[in-house]
Every structure is written in C-alpha cells, then in structure tokens.
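Residue strings, one per chain:
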Amino acid sequence: MRGIVTRFGSNLVHDGIDLAIAAGEIVALVGGSGSGKTTLLRHIIGLTRPAAGSVALFGEDLLAADGARRAALQRRFGVLFQQGALFSAFNVADNIAFPLRESRVANAAEIRDLVALKLAMVELEPEHALLMPAELSGGMVKRVALARALALEPELLLLDEPTAGLDPDRSAAFVQLIRTLQRRLGLTVVLVTHDVDTLAALATRVAVLGERRILSYASLQDTLAVEHPFIRRFFHGEHGRRALARANGEP
Ligand SMILES: Nc1ncnc2c1ncn2[C@@H]1O[C@H](COP(=O)(O)OP(=O)(O)OP(=O)(O)O)[C@@H](O)[C@H]1O
C-alpha cells in the first residue's frame, strides 16, 4: 500500500501509510488502541476505501477490479475476524462449507470431504462438525473460524487479534497451530495483535502504527532497538519483557 490516508469525518486515522508485504512473511501490525490497525487490514482486502493512496493485492488494485476478477482475487485470501464471527445459525460444518458453497468451486460430496479435511487441519474432531457455535469454547470458535478462512486454500491469511480472549494455554496452542499451517501451506500472514507472546512466536516483521503513520517496519530484533515512547512501553513494559524472555526460552 502506498500513501494511504484514512479519514472518518474529522478523525484523521492514517496520514500517508506505505507498507509492502512480501509473500511468505508473517507481518504483525501493532499500535495503540484506535491507531487504525483493523482499518488497515480492511483496506488490504478492499472492505474499505482509503481517502487517498492505493492498495495492490497480489499486484492488482482490488477496488478497481471488475466482478469476476475481484471474485478471483477474493478467493486468494482468508480472514479471521476478531471474535471469530461464525454464523450462529449454522453448525460447524456449514460454517466451514460457507465459502466453498458461495464460490461454487466444489460439489456436495467434495464439500463434505473438504470440511472433514479442514476440521482435521485445525485439530478438531469429526464429531465437532455438528455442533452449533454457541456450544463451542472460545478456542474452538477460533479454530472453526480459521478452518473457514482456509476453506478456499488462500495464499494470504489475515488475522485480527487471533488470540484475544483465549487463556495463555489455548493462546499458545492456537499460535502454534497458525505457525504450523503457515509453514505447511506456505501462507503469507498479516495479523493485528497487542499480544507480545503472539507476535514474538510468529512475526517475521513487525509494523508499528502510531501518529497516523508507520513508526517502524522491521524484524522484532530491530524493532526493539527503536527509540520511541510507544515502542518502549509496548515491548519493554513488564508484560512485554516477560513475553520476550519466554520467547527466548528463559524461565
Ligand atoms: N466505520 C467507521 N466509522 C467511523 N469511525 C471509524 C470506523 N472504523 C474505525 N473508525 C475509527 O478509526 C479509528 C481506528 O480504528 P481501528 O479499529 O482501525 O483501530 P485499531 O487500531 O484496530 O483499534 P483497537 O486496537 O482498539 O481495535 C478509531 O478512532 C475508530 O473509532
């Protein structure tokens, strides 16, 4: 993305954001509350249009693409929204099958097989297929939402606060699953997180949003050396320090 400016009424959220994400990277977007992380994710996938600037997804302007071209580009990414956002009236299998049915890429028998495959991929059991979202734990909701995001075998996965609301054990297990799938499927991942544990375990690069721009875009190691009050608070505060020590295998 180049020169992104975002305004909501008089609220100027982004004022000239440049960000290039290479295939195979795991980029963590961090920043204070309201710094515009989720909005940036939404720009990437064409859910919102910036006031100025341009976004190229797989080298193409998604917002300028016509119907068929746009649908083809949309099949190449999957999104895990905050809260999982499962359809509450659909069971697990139908939630995962939804993108497959919508895009008409598979027949009923293939969809059944693909749903079973995706369930196994996110380490859920076949009998979970018939449960309703209200019957699932928080960790299971995330796994089902991840299975749905991966239903069309995307190249790019966007995750908005993937571990929010999970206890430390479930959070660590979910992070591990994301890492395994990223490697196995060769995914590019963009995730919004305020959790240093998640970021330290996953990110190949960290983009820090603040003051309506990208304050830093570098490896975690290099980000830690940046002298900025937000970066210091975020990474060198007590929680951040403990998380980084854990990531380095210190007790
Ligand atoms: N549809 C909208 N209409 C009006 N204002 C919006 C809209 N979406 C976002 N905003 C505003 O834009 C700013 C950035 O929001 P965004 O959700 O992108 O921030 P964020 O960094 O993801 O925040 P958080 O960490 O709290 O989730 C906020 O001030 C928010 O109130």
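Thresholds, definitions, all that
Residues numbered from 1 in each chain as written. Predicted model: local features only at pLDDT ≥ 70, side-chain atom pairs only at ≥ 80, totals over all residues. Heavy atoms only, no water. Near = heavy atom within 4 Å. Polar contact = N/O pair within 3.5 Å; in protein donor to acceptor, adjacent residues only side chain to side chain. Helix = DSSP H or I, 4+ residues; strand = E, 2+ residues; numbered from the N terminus. Buried < 20%, exposed > 50% of the residue type's maximum accessible area, 1.4 Å probe, protein only. Pairing = 2+ DSSP bridges. Contact = heavy atoms within 4.5 Å. Axes fitted to C-alpha atoms, helices over the stretch in contact; angles between N-to-C directions. Parallel < 35°, antiparallel > 145°, perpendicular 65-115°, else oblique. Left-handed = near helix turned anticlockwise from the far one by under 90°. Nonpolar A, V, L, I, M, F, W, Y, C, P; charged D, E, K, R; others polar.

The name recorded for the protein in an unreviewed UniProt entry is ABC transporter ATP-binding protein, from Pseudothauera lacus.

(A) Expanded view of the site of the ligand. Phe8, Asn11, Val13, Gly32, Ser33, Gly34, Ser35, Gly36, Lys37, Thr38 and Thr39 make up every residue found near the ligand. Between the ligand and serine 33, the relevant distance is 2.7 Å, taken from an oxygen atom to a side-chain nitrogen or oxygen of the residue. Glycine 36 places a polar main-chain atom, nitrogen or oxygen, 2.9 Å from an oxygen atom of the ligand. Breaking the shell around the ligand down by element, the ones donating at least two residues are β2 (11-17) and α1 (37-44). Here the shell around the ligand takes three residues from α1, the largest share from any one element.

(B) Structural view of the pairing of strand β6 (residues 156-160). Most of β6 sits inside the fold, with five of its five residues counted as buried. Burial of the side chains of β6 extends over both faces: Leu156, Leu158 and Asp160 are buried on one face and Leu157 and Leu159 on the other. Direction of pairing for strand β5 (residues 77-80) relative to β6: parallel, over a ladder of four bridges. Pairing of glycine 78 across the sheet is with leucine 157, part of β6. In this structure, β6 lies alongside strand β7 (residues 188-192), joined through five bridges in parallel fashion. Across the sheet, residue leucine 159 finds its bridge partner in β7, namely leucine 191.

(C) Seen up close, the environment of phenylalanine 87. Tracing the backbone shows phenylalanine 87 in the loop between β5 and α3 (92-103). A relative accessible area of 33% places phenylalanine 87 in the partly exposed class. Measuring from C-alpha to C-alpha, the distance between phenylalanine 87 and methionine 132 comes to 9.1 Å, with 45 residues separating the pair along the chain. Discounting residues that sit within four places of it in the chain, phenylalanine 87 has contacts with Asn95, Phe98, Pro133 and Arg148.

(D) Inspection of the packing of α3 against helix α4 (residues 108-121) at higher detail. Here α3 crosses α4 at 120 degrees, and the two axes come no closer than 9 Å. On the basis of their axis angle, the class for α3 and α4 is oblique. Remark: the crossing between α3 and α4 carries right-handed chirality. For the pair α3 and α4, contact is made by Val92, Ala93, Ile96, Ala97, Leu100 and Arg101 and by Ile111, Leu114, Val115, Lys118 and Leu119, respectively. Across the contact of α3 with α4, the residue classes tally to nine nonpolar, no polar and two charged.

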